[in-house]
Amino acid sequence: PALFHPWGGWGPGVGAPPPPHPPHPPAPPPHNGVRTENHVECGGEGAEHRAERQAGSLSHKEFPITRTQTTDPAAVIFTSGSTGPPKGVLYEHGMFNAQVDLLQKFYGIEPGEVDLPGFPLFSLFNAAMGVTTVIPDMDPTKPANVDPLKIIEAIRDNGVTQAFGSPALWNRVGAYCVENGVEMPSLKRALSAGGPVPIRVLEMMTKVLTGTVPVAAEDSPRRHGGPETGESSALPVSGTALAAGSSLIGQHPEPAASAVPLKRPSPPSASVPPCLRGEIHPGDTRGLTPPRSPELADLHTPYGATESLPVASIGAREVLTRTAAMTRQGAGTCVGRAFPGVDIRIIPITEGPIASISDRHTLPPGEIGEIIVRSPAVTREYFRRPDSTGQADKNVCPTLAAKIPDGETFWHRIGDVGYLDTEGLLWFCGRKAHIVHTQEGPMYSVCCEGVFDSHSQVFRSALVGIGPKGQQQPVLVVELMPGHEMETRIEGELRLLAQSSPLTKIIESFQFIKSMPVDTRHNVKINREALAVWAKEQLKR
């Protein structure tokens, strides 16, 4: 199997990256039809072998295709190590096949498209989808430092229809485009993952993505997703702000009564013209559904983990019109609807292994708990890490730290906390390891940070806990937008914000940092363990 490792070393990224907004390069020159030097590669044949084959001295017979089974090892892909040492995730060929099918169908990706992956590993999907890869001119370990002009030129000169980038990359590119009036009409879709995408990034990218895509059919997975069968019902979304440790919704909805399926009358023969079937008269268009206008291109924010990708997805335009206001009130980050074939459950937050899914009940909509998922793309184990999976006797049902057996299948514990609302939308509230346990109860990092990130001069914030579990002091660490250094005035405004929400009213300590310590893969996952040590030292001064 292939071995893939996160860029930039074995440990989590504890060093601060360069400032999030280096000086912008000049505006792009008018397009003159000349290609820039972007590298476009398909396949894996080396230049030497290619030359020999073209000269007739080498035959394709010397490169036999290996026959593999769905359960054969395919790759070992390491986690980013945001909450500990990176772990090698063992992928099987069947899991990769399932990922390709889920992504291609959900986003409507077609053979012949052109993709620019800001995370190079994702280019492997393109080969399976018949999509051309344009490798961007950037340091993949520093997406927060990307040169926007090089990304724009690569997209424009190569007719790129799809592009992936971490929130840090699109923050740079989006800010540059808005400032210079640049649009990206060739893009059918952009994608971003690796951490919650800030609302301001979604706002910028919706201005930049001016292209159109065919409207999704009513039964398209892009419209409805695939929540677990029989568990989610489409009920109104509550707009109530979420209190720490409480439920958004007071009661679990009663299950719908089973209905007897009705037989539909057989339609007339399709070969009979509608006007002869009595449906319409020649020239009469009444009752006909007019063709819908194409949808605008969107920035999609797929949610998942190295061990379970993809899980859910939502587009920026839906976030801005439906969920962003709730995020600013502390409801967490909405990560969308489940992909078809992906099951999502919320169970009580649990420390230690769970022997069987029957040992844990499913929480009602609106109640925060541990997110677990099941799908054909979910991986089974970590590579040569029995301590990570806690596997006991192989002859009996294993007790796993990251997996929960469920008959012939299993569930993966993502390590995140969140909830499902009554419409089946999944809301992310932070990592389980990042919950701040105070005397007043648990504080969920992403929920609390959403209140402060709404401040126009806050670039990002991080909630950390100082002290023993159950008696932790909540400390909010704040990174300001470049050029804003009036910390005393802004601290007063943040204190007022804290008092405005029951989620954050007990926060009394605010610390300012020039640049957060983040991961080396996406430059967005904050190393809160290192940050807590730093904050503790600041409190001693």
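Residues numbered from 1 in each chain as written. Predicted model: local features only at pLDDT ≥ 70, side-chain atom pairs only at ≥ 80, totals over all residues. Heavy atoms only, no water.

Following the sequence through the fold, A127 ends up in helix α3 (residues 123–129). Take A127: its relative accessible area is 68%, and that puts it in the exposed class. For the pair A127 and P111, spaced 16 residues apart in sequence, the C-alpha separation works out to 9.7 Å. (Helix = DSSP H or I, 4+ residues; strand = E, 2+ residues; numbered from the N terminus. Buried < 20%, exposed > 50% of the residue type's maximum accessible area, 1.4 Å probe, protein only.)

Scanning all chains against the criterion turns up 19 salt bridges. Notably, a salt bridge pairs R380 with E92, separated by 2.9 Å at the nearest N-O pair. Here the residue R380 occupies a position in the loop between β16 (369–374) and α9 (386–389), and E92 occupies one in strand β4 (residues 88–92), the gap between them amounting to 288 residues. Across the pair R328 and E203 runs a salt bridge, and its minimum N-O distance is 3.5 Å. In this pair, R328 is assigned in helix α8 (residues 316–328) and E203 in helix α6 (residues 199–208), connecting sequence segments 125 residues apart. (Salt bridge = Lys/Arg side-chain N within 4 Å of Asp/Glu carboxyl O.)

It is at 9 Å that the axes of helix α5 (residues 167–180) and α6 come closest, and there the two elements cross at 50°. One element, α5, and the other, α6, form an angle in the oblique class. With respect to the hand of their crossing, α5 and α6 are arranged in left-handed fashion. Touching P167, W170, N171, G174, A175, C177 and V178 of α5 are R200, V201, M204, M205, K207 and V208, all from α6. Within the contact of α5 with α6, the residues separate by chemical class into nine nonpolar, two polar and two charged. (Axes fitted to C-alpha atoms, helices over the stretch in contact; angles between N-to-C directions. Parallel < 35°, antiparallel > 145°, perpendicular 65-115°, else oblique. Left-handed = near helix turned anticlockwise from the far one by under 90°. Contact = heavy atoms within 4.5 Å. Nonpolar A, V, L, I, M, F, W, Y, C, P; charged D, E, K, R; others polar.)

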